[in-house]
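# Geometric and topological summary
Given next are the chains, with one letter for each unit.
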Amino acid sequence: RRRNSATVTLSANSLLELSNRVANSQDEMEDSQRALQRIDKALTKTSTDDLEQMVGDELQMEYRQILRFQKQIQTERRRLHGIAQDRRGWEQQAVVYLPWLEKALQQDQDDLEFCKNLEQQLEAFRPIHQELVKARDLRREEEQERLEKKAEQERLRREKE
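This write-up is about the structure you can find in this document. The shown structure was predicted, so the numbers you read here are calculated from the model rather than taken from an experiment. (Residues numbered from 1 in each chain as written. Predicted model: local features only at pLDDT ≥ 70, side-chain atom pairs only at ≥ 80, totals over all residues. Heavy atoms only, no water.)

### Structural notes on the packing of aromatic side chains
Tallied over the entire structure, the rule returns one aromatic pair. An angle of 75 degrees between the planes, with centres 5.9 Å apart, marks the rings of Tyr97 and Trp100 as edge-to-face. Taken as a pair, Tyr97 and Trp100 lie in helix α3 (residues 56–160) at a separation of three residues, close to a single helical turn. Of the residues examined, Tyr97 reaches a relative accessible area of 3% and is grouped as buried. Residue class for Trp100 comes out partly exposed when judged on its relative accessible area of 28%. (Phe/Tyr/Trp six-rings, centres within 6.5 Å; stacked < 30°, edge-to-face > 60°. Helix = DSSP H or I, 4+ residues; strand = E, 2+ residues; numbered from the N terminus. Buried < 20%, exposed > 50% of the residue type's maximum accessible area, 1.4 Å probe, protein only.)

### A short note on the pattern of salt bridges
By the definition in use, this model includes 12 salt bridges. Of the charged contacts in the structure, one is a salt bridge between Glu76 and Arg79, with a shortest N-O distance of 3.6 Å. Of this pair, Glu76 and Arg79 both sit in helix α3, three residues apart, which is roughly one turn of the helix. Arg79 sits in the partly exposed class, given a relative accessible area of 32%. Among the ionic pairs, Arg136 bridges to Asp137, the shortest N-O distance being 3.2 Å. Relative accessible area serves as the criterion here: at 32%, Arg136 is assigned to the partly exposed category. Judged by its relative accessible area of 31%, Asp137 falls in the partly exposed class. (Salt bridge = Lys/Arg side-chain N within 4 Å of Asp/Glu carboxyl O.)

Take a look at the structure:
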């Protein structure tokens, strides 16, 4: 067997694409199985007594139908086999993603730990923050008053001139 020598880039997009292929193959497999079930239902419709009673053209038509069913069964078997082979290959490719996913999961755990620590630090900063907000607001008010006084002095100076 020849292996695909192309290098697979591990990414969320390629993993999603691989997952979609597996899901699509599942749909194809279910379609094949439904086709086989339809054949089974059609074959079980006719009882053996009815078959024994058939003669002439009716018997030939039933024979041709059975030959079509056999051909369709062989086609569906080949299709199912191809789907199973493709799916096996994709599942083997998926195994390559496990270490990558484990690293991503560890990174997520590290990020969560960082966020928890940051949240604790912010909570510890909360009482100080309230005092700083008050001091900032007071400083803004004082600055506003100073600017208003300066503007008033400038207005008065212009009126004198």
